[in-house]
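Residue strings, one per chain:
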Amino acid sequence: LVFLAIGFGNISEESVSQGGSSDLITTGINMTSGHVAEALMILANNLQEHGVPLPELLPPTLRRFAGNENPAIRALILRRLPDLQSQDLELGWALFCCATQDAARIWQFAEPCLYHTYRDHFEEVAVSLERILQGGSKEDMETWGRISALSALSTRSDFASLLIELGTLDVTDAWKGAASVWT
């Protein structure tokens, strides 16, 4: 199954739906490569859940799909990644890094991965928060604000520094994300 899926990793297909980041999941599940990517993630999660070692070709194939140029395919990978991350942290973070490498329009789908790991693996989460700050869009700043506020409340980061950063940024979406945690 994994060997057959490899051939779908680089197919070029037209996106069925056009639009903003909220349509990425819909776009991805309407693509052939999206079906394959999602099937591979389900396979990996099920194998991990039952304690079955992953086939040798599965991790590199997942990396290939996670690094796909189409953000819809990467959004599908990220959607199922928190479960895999909890079972295999090393593979989970490797896929996360591939999927968020060209992070335009993708951080909202990466947020659950950050949410489920900020307490125990804040060092990795902090790198992602910095990446959002450096290159994220205005909409990505809401994710940054939410995860940063959670980190500050759990004392993984400094609350005063967060307030200074929010004031310096002066981005409404960042404040919105932080405020959603505080309220």
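For the structure, check the block above.
Please read these numbers as outputs of a predicted model, since none were measured by experiment.

Draft legend 1. A look at unusual backbone geometry. Residues other than glycine seldom take positive phi values, yet Thr-155 does so here, at roughly 60 degrees. The backbone of Asp-170 sits at a positive phi, close to 50 degrees, despite the residue not being glycine.

Draft legend 2. Representation of helix α9 (residues 140-153). Between its first and last C-alpha, α9 extends 20 Å over 14 residues, near the 20 Å set by a 1.5 Å rise per residue. Across the 14 residues that make up α9, a large majority, 12, are buried. Within the sequence span of α9, burial applies to Asp-140, Met-141, Glu-142, Thr-143, Trp-144, Gly-145, Ile-147, Ser-148, Ala-149, Leu-150, Ser-151 and Ala-152. Buried residues belonging to α9 abut α7 (107-115), α8 (122-135), α10 (159-169) and α11 (172-182). Thr-155 lies just past α9 and shows a positive phi near 60 degrees.

Draft legend 3. A look at the pattern of salt bridges. For the structure on display, the rule yields 4 salt bridges. Here Arg-80 and Glu-38 are joined by a salt bridge, their closest N and O atoms 3.1 Å apart. Separated by 42 residues along the polypeptide, Arg-80 in helix α5 (residues 71-87) and Glu-38 in helix α3 (residues 32-49) bring together distant segments of the chain. A salt bridge links Glu-142 to Arg-146; its shortest N-O distance comes to 3.3 Å. Highlighted residues: Glu-142 and Arg-146, both in helix α9, separated by 4 residues, approximately one helical turn.

Draft legend 4. Inspection of the nonpolar core at higher detail. Counting 50 residues, the largest nonpolar core has Leu-78 and Phe-96 as the members making the most contacts within it. Considering every element that reaches this core, the biggest residue donor is α5, with 8 residues. The residues contacting Leu-78, other than those within four sequence positions of it, are Phe-96, Ala-99, Thr-100, Ile-106, Phe-109, Ala-110 and Cys-113.

Draft legend 5. Up close: the packing of α8 against α9. Direction vectors running N to C along α8 and α9 enclose 145 degrees, while the axes themselves pass 10 Å from each other. The two elements α8 and α9 cross, and the hand of that crossing is left-handed. For the pair formed by α8 and α9, the contact residues are Phe-122, Val-125, Leu-129, Ile-132 and Leu-133 on the first element and Asp-140, Met-141, Thr-143, Trp-144, Ile-147, Ser-148 and Ser-151 on the second. Of the residues belonging to the contact of α8 with α9, the class tally is 8 nonpolar, 3 polar and 1 charged.

Conventions and cut-offs
- Residues numbered from 1 in each chain as written.
- Predicted model: local features only at pLDDT ≥ 70, side-chain atom pairs only at ≥ 80, totals over all residues.
- Heavy atoms only, no water.
- Helix = DSSP H or I, 4+ residues; strand = E, 2+ residues; numbered from the N terminus.
- Expected span 1.5 Å × (residues − 1).
- Buried < 20%, exposed > 50% of the residue type's maximum accessible area, 1.4 Å probe, protein only.
- Contact = heavy atoms within 4.5 Å.
- Salt bridge = Lys/Arg side-chain N within 4 Å of Asp/Glu carboxyl O.
- Core = buried A, V, L, I, M, F, W, Y, C linked by side-chain atoms within 4.5 Å.
- Axes fitted to C-alpha atoms, helices over the stretch in contact; angles between N-to-C directions.
- Left-handed = near helix turned anticlockwise from the far one by under 90°.
- Nonpolar A, V, L, I, M, F, W, Y, C, P; charged D, E, K, R; others polar.

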